Amino acid sequence: MSTLEPATAADLVRRIAAGEAGAEAELAESYGGALRFLARRYTREEADAEDLYQGTLMLALEKIRRNEVRDPERLGNFLRALAKNLSTTQYRRRRYAAELPVADPPDAPDRSRPDPLTALLRTERAQVARDLLAELGVSRDREVLLRYYIAEESAHRICADLDIGTDHFYRVLHRARQRFRRLWEEHAKSTPGPDRESEARKR
Amino acid sequence: MMTHPRIDEEQILDRYLVGRLSAEEEALFEEHLFECADCLEKVRWGEELRRGLREVAAQEAGRAAAGATAFVGLLAWLRRRRPAQLAALAMLALALVVLPTIVLRQQVELHRLREGARKPAPSTGELAQPVSDFLVVSLGVVRGAGSSEVELRPDPTKAAVLLSIELATVDAGRYRVTLGDEAGHVLWRGEDLEPNLYDTLIVALPSSFLEPGRYRITVEGLAAGGVEPAGEVRLRVLPQRDG
């Protein structure tokens, strides 16, 4: 994934507005990774994240073509704000639709269940997380992870309870992230499949 | 603008992952992600890890619910919560991860023992409330008799005490935990307790149950061939601090 300097970002905005061939693809290439990550963070399901990503990109291109970007040097901030607003709209629409007293057509997707891709990724992610927890020899490290990421306790409180310094605390989190990534990559190598490959391409 | 020294010094990345940044910090950090491939990679894997752990917790919660009918009402309550109340769900999911035993059943039993059956035990309806405010006490790894004594000072502001007993080895599918006093009287006994994912047995006690004094906790494995000693822990409950 490449990133752009502010001056280059402004230049990219100018080139898209001017209709230069290839400039739109460059936007997706340079900003797509972060935008996809944020789309996933702002939504609950993988499929919704993909909708949000595509919707944000399309709206961004329209606005750039109409010269509606106020600060072209902060193109990332512009994309982020669009994604955030769209996700709020998407959520409100869904909530409004859920409140309508109209029966869903027989072939309507069941929103109460995760889509197949989400379900698959959840299973695999949980498996890798289990492997990671099993590997952590020190039970205190497991407790740090569970209390911080699941119970959402403050770092300060966990450190006080376990009598550990903040340096150690953040080292545990850092190492766990790295180890999780390695385990995930090993897991991916051992279980290739079309869904996994398409997901990997999006990363 | 978000700089790397600031990200490191203020632990921005880890705080971002659990939603502990201010709106302004969050906006600046997310903008930074468009400009920094390194931070994007780190935060992406951190997010995957966080989701993975939550999914493990959710699976464990489901497993516990399948074996514990007393939790059904609790889970129904949970399902009605909105995403904004995920913290409560997460806290409970964690409790379920470490609570493979039926807490409600234990509470009824404990209440009966404490009151000497003079008063009727509370109904499960009264108890079917989420217990989220508890003191977790690790008793360490249980081994044979003669293990060191663990001290516990109850916190009167906590509703319950969770005693975490880590098994040195898991040789049986089910365990019996007995809590006795110094004189050898059995104060409470939990049967058919299943170790959780981390080879740990959890016993939940109302905070008021443990009066100051010395206790002995005996763990026995329940195998097809009979009962096998699995270890013993000595517990000393200190008086509550004044004020």
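Just so we're clear, the structure is a prediction, and the values are computed from it rather than from any experiment. (Residues numbered from 1 in each chain as written. Chains lettered and ligands numbered in written order. Predicted model: local features only at pLDDT ≥ 70, side-chain atom pairs only at ≥ 80, totals over all residues.)

Undergrad: Residues and numbers for the overall build of chain A, please.
TA: Summing up its helical and strand segments, chain A has 9 helices and 0 strands in all. Counting from the amino terminus, helix and strand elements in chain A follow one another as α-α-α-α-α-α-α-α-α. Counting the 203 residues in chain A, one finds 29% classified as buried. Partitioning the contacts of chain A with sequence separation of at least 6, the portion at a separation of at least 24 is 64%. (Helix = DSSP H or I, 4+ residues; strand = E, 2+ residues; numbered from the N terminus. Buried ≥ 20, exposed ≤ 12 C-beta atoms within 10 Å, placed from the backbone. Contact = placed C-beta atoms within 7 Å.)

Undergrad: I'd like a rundown of the overall build of chain B, residues and numbers included.
TA: Each helix and strand in chain B was counted, giving 8 helices and 8 strands. Residue burial in chain B is summarised as follows: out of 243 residues, 34% are buried. Of the contacts formed within chain B by residues at least 6 apart in sequence, a portion of 71% connects residues at least 24 apart.

Undergrad: Give me the interface of chain A and chain B: which residues, what numbers.
TA: Contacts between the two partners involve 35 residues from chain A and, on the opposite side, 34 residues from chain B. Of the residues assigned to the side of chain A that touches chain B, the class counts are 20 nonpolar, 5 polar and 10 charged. (Nonpolar A, V, L, I, M, F, W, Y, C, P; charged D, E, K, R; others polar.)

Undergrad: Give me the environment of Thr 157 of chain B: which residues, what numbers.
TA: In this fold, Thr 157 of chain B is placed in the loop between β2 (149–152) and β3 (160–167). With 22 residues separating them along the chain, Thr 157 of chain B and Leu 135 of chain B place their C-alpha atoms 9.3 Å apart.

Undergrad: Could you give me a rundown of the confidence of the model for chain B, with the residues and numbers involved?
TA: Residue and element names in this part refer to chain B. Here chain B averages 70 in pLDDT, and 62% of its residues register 70 or above. Between residues 116–132, whose pLDDT stays under 50, and residues either more than four places distant or in other chains, the model counts 25 contacts. Across the interface, the model reports ipTM at 0.82; the global pTM reads 0.57. (pLDDT = per-residue confidence, 0-100.)

Undergrad: A description of the nonpolar core should follow, citing residues and the corresponding values.
TA: For soluble globular proteins, the rule of thumb is that nonpolar side chains tend to be buried together. One finds Ala 34, Leu 35, Ala 39, Leu 79 and Ala 83 of chain A together with Leu 33 of chain B to be the most contacted residues of the largest nonpolar core, which totals 35 residues. Where this core is concerned, the elements lending two or more residues are α1 (6–17), α2 (23–42), α3 (46–65) and α4 (75–99) of chain A together with α2 (12–17), α3 (23–35) and α4 (37–67) of chain B. Top element by residues in this core is α2 of chain A. It accounts for 8 residues. The contacts of Ala 34 of chain A, once residues within four sequence positions are left out, are Gly 76 of chain A together with Leu 33, Phe 34 and Leu 40 of chain B. (Core = buried A, V, L, I, M, F, W, Y, C linked by C-beta atoms within 7 Å.)

Undergrad: Which residues make up the sheet that holds strand β7 (residues 213–223) of chain B, and what values do they have?
TA: Residue and element names in this part refer to chain B. Read across the sheet, 5 strands follow the order β2-β8-β7-β4-β5 without closing on themselves; strand pairing throughout is mixed. Each end of this open sheet is capped by a strand with a single partner; those strands are β2 and β5 (186–193). For this sheet, the mean angle separating the axes of adjacent strands, direction not counted, is 25°. Here β7 runs beside strand β8 (residues 226–237); their pairing, made up of 11 bridges, is antiparallel. Residue pairing in the sheet places Gly 213 in a bridge with Val 237 of β8. (Pairing = 2+ DSSP bridges. Axes fitted to C-alpha atoms, helices over the stretch in contact; angles between N-to-C directions.)

Undergrad: Residues and numbers for the confidence of the model for chain A, please.
TA: All names here are of chain A. When the pLDDT values of chain A are averaged, the result is 81; 77% of them are 70 or greater. For chain A, helix α9 (residues 194–202) is the element with the lowest average pLDDT, namely 47, and α2 is the one with the highest, namely 94. Below a pLDDT of 50 lies the segment residues 102–106, which in the model reaches 0 contacts outside its immediate sequence neighbourhood of four places, other chains included.

Undergrad: Describe in detail α2 of chain A, supporting the description with residues and values.
TA: Over its 20 residues, α2 of chain A runs 27 Å from end to end, which matches the ideal 28 Å to within 8%, given 1.5 Å per residue. Buried residues of α2 of chain A: Leu 27, Ser 30, Tyr 31, Gly 33, Ala 34, Leu 35, Arg 36, Phe 37, Leu 38, Ala 39, Arg 40 and Tyr 42 of chain A, and no others. (Expected span 1.5 Å × (residues − 1).)

Undergrad: So what about unusual backbone geometry? Which residues, and what values?
TA: Phi angles above zero are rare outside glycine, and Asn 67 of chain A is one such case at about 55°. Position of Asn 67 of chain A among the secondary structure elements: in the loop between α3 and α4. Among the residues examined, Asn 67 of chain A registers 11 C-beta atoms within 10 Å and is labelled exposed. Positive phi is not limited to glycine here, since Gln 11 of chain B has a value of about 50°. Summarising the element assignment, Gln 11 of chain B is placed in the loop between α1 (4–9) and α2. Overall, Gln 11 of chain B belongs to the partly exposed group, with 16 C-beta atoms counted inside 10 Å.

Undergrad: Can you tell me about the packing of helix α5 (residues 116–135) of chain A against helix α8 (residues 166–190) of chain A, naming the residues and giving the values?
TA: Residues and elements named next belong to chain A. Between α5 and α8, the least distance of the axes is 9 Å, while the angle of their chain directions is 125°. Overall, the two elements α5 and α8 adopt an arrangement that is oblique. Here the hand of the crossing between α5 and α8 comes out right-handed. Of α8, the residues touching α5 (which contributes Glu 124, Gln 127, Val 128, Asp 131 and Leu 132) are Ala 176, Arg 179, Phe 180, Leu 183, Trp 184 and His 187. A breakdown of the residues in the contact of α5 with α8 according to their chemical character gives 6 nonpolar, 2 polar and 3 charged. (Parallel < 35°, antiparallel > 145°, perpendicular 65-115°, else oblique. Left-handed = near helix turned anticlockwise from the far one by under 90°.)

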